[in-house]
Each structure stands twice: as structure tokens, then as C-alpha cells.
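# Coordinate inspection notes
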Amino acid sequence: MDEAAIRETLPPRQPRQQVMLSAEICGFGGGAPTKHRIKDLSVSGARIDRADGLRPGATVLVSVGVLKAVGATVIWVKDGVAGLRFAETIDPDAARSKAMIAPPKPRPPVTIDRGATAGWIQDLHSPYRR
């Protein structure tokens, strides 16, 4: 299916917000994931760069933010930039958010016995004291 035929079958795209997110894209059916940057994003699609290996009509899986393996179709590719249409709508806020990582457990306070630290007592056992 060529690019023009794909565009004619799709509803108009939603307004997009400019973002700068990193994403992993994997060809549907396997293959090593590739790293891309999402330049703009909407509930129904995205524009990505570093898209030289993608072809219009290809089905891919996109992982960004806390969204994992969202199905998408490549609509167009031009000069290393591509437009993707998601198979179902996404939450752009979830795409922008990072995975929750549990905060580190607080360490117990460490007390160091330094002995006497005031006056002449601190030098009582010093080999350099007469």
C-alpha cells in the first residue's frame, strides 16, 4: 500500500504537542528494537526522527514512557522523519512520564566514636606529645 492510499483511509489527525521523548520501536513480529526521538505527539499518533529503516505501511510496536508495546502504523517517511498512527488512542501524559522507581531505603545513621576532641585530652596518647 502506498503512502497516499494509507492517508486517504485514515481519519484526520488530532492536534499534536511538541515534545522531545526517547522511544524504542520494534518491527511487528520481532527484530531488535531501535532508538528514536519523538518530536511531536497526540493521542492518535507521533512524529519521530532517525526513521531511515521504516517504510510506509509497516506495523511497529512503540515503547515510550510507561507505555509499552503500543501498536502503530508508519504513515509516511521523509528525510529520516516518519509519521506514526497508533492502533488505539494513548494517554500523552503516560508517554511523557517516567517509570516509577522505588525510592532508596534510608540508611541507618552511622555514629563514629572519635573519642575526646577538646583540649589536651585529644593528644593524650599521641606519639608526638612529650
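Residues numbered from 1 in each chain as written. Predicted model: local features only at pLDDT ≥ 70, side-chain atom pairs only at ≥ 80, totals over all residues. Heavy atoms only, no water.

### So, the side chain of Asp 49
Going by this rule: Only DSSP runs of H or I with at least four residues qualify as helices, and only runs of E with at least two residues qualify as strands; both kinds are numbered from the N terminus onward. In this scheme, a residue with accessible area under 20% of its type's maximum is buried, one over 50% is exposed, and one in between is partly exposed, where area comes from a 1.4 Å probe on protein chains only. Residue contacts are defined here by distance: any two heavy atoms, one from each residue, within 4.5 Å place the two residues in contact.
You can see Asp 49 is positioned in strand β3 (residues 45–49). Taking relative accessible area as the criterion, Asp 49 reaches 7% and is therefore assigned buried. In contact with Asp 49, other than residues within four places in its own chain, are His 36, Arg 37, Lys 39, Gly 80 and Val 81.

### Some remarks on the nonpolar core
Note the cut-off: Buried residues of nine kinds, namely Ala, Val, Leu, Ile, Met, Phe, Trp, Tyr and Cys, make up a nonpolar core once their side-chain atoms join them within 4.5 Å.
Counting 23 residues, the largest nonpolar core has Ile 38, Leu 41 and Val 62 as its most contacted members. For this core, the secondary-structure elements that each account for two or more residues are β1 (17–27), β2 (34–41), β3, β4 (59–64), β5 (67–78), β6 (81–86) and α2 (92–96). Not counting residues up to four positions away in its chain, the partners in contact with Ile 38 are Val 19, Met 20, Leu 21, Ala 23, Ala 46, Arg 47, Ile 48 and Val 64.

### Concerning the layout of surface pockets
How we decide: Both site types are read off a 1 Å grid over the protein atoms alone. A 1.4 Å probe that fits but cannot get out defines a cavity, while an open set with protein on both sides within 12 Å along at least five of seven lines defines a pocket; lining residues have an atom within 4 Å of a point. Grid points are joined across faces, edges and corners, and a volume is the space filled by probe spheres set on the points. Under this grouping Gly is polar, as are all residues other than the nonpolar Ala, Val, Leu, Ile, Met, Phe, Trp, Tyr, Cys and Pro and the charged Asp, Glu, Lys and Arg.
Here the largest pocket is characterised by a volume of approximately 220 Å³. Contributing to the lining of the largest pocket are 14 residues, with Ser 22, Ala 23, Ser 63, Val 64 and Gly 65 lying nearest its centre. Elements with a contribution of two residues or more to the lining of the largest pocket: β1, β4 and α2. Top element by residues in the lining of the largest pocket is β1. It accounts for four residues. Tallied by class, residues from the lining of the largest pocket come to five nonpolar, four polar and five charged.

### Structural notes on the confidence of the model for the protein chain
Quick reminder of the rule: Confidence per residue, as judged by the predictor, is encoded in pLDDT with a range of 0 to 100.
Mean pLDDT over the protein chain stands at 80; residues scoring 70 or higher make up 75%. Across the protein chain, element-level confidence peaks in β6 with a mean pLDDT of 93 and bottoms out in helix α1 (residues 3–9) with 65.

### Quick notes on the environment of Arg 47
Within the fold, Arg 47 resides in strand β3. Through-space distance from the C-alpha of Arg 47 to that of Trp 76 is 9.5 Å; in sequence the pair is 29 residues apart. With sequence-adjacent residues up to four places away left out, Arg 47 is seen in contact with Arg 16, Arg 37, Ile 38, Lys 39, Asp 40, Trp 76, Val 81 and Ala 82.

### Topic: unusual backbone geometry
Residues other than glycine seldom take positive phi values, yet Arg 50 does so here, at roughly 60 degrees. Positionally, Arg 50 belongs in the loop between β3 and β4. Given the relative accessible area of 46%, Arg 50 is considered partly exposed. Not every positive phi belongs to a glycine, and Asp 79 is a case in point at roughly 55 degrees. On the basis of relative accessible area, Asp 79 is assigned to the exposed category, the value being 74%.

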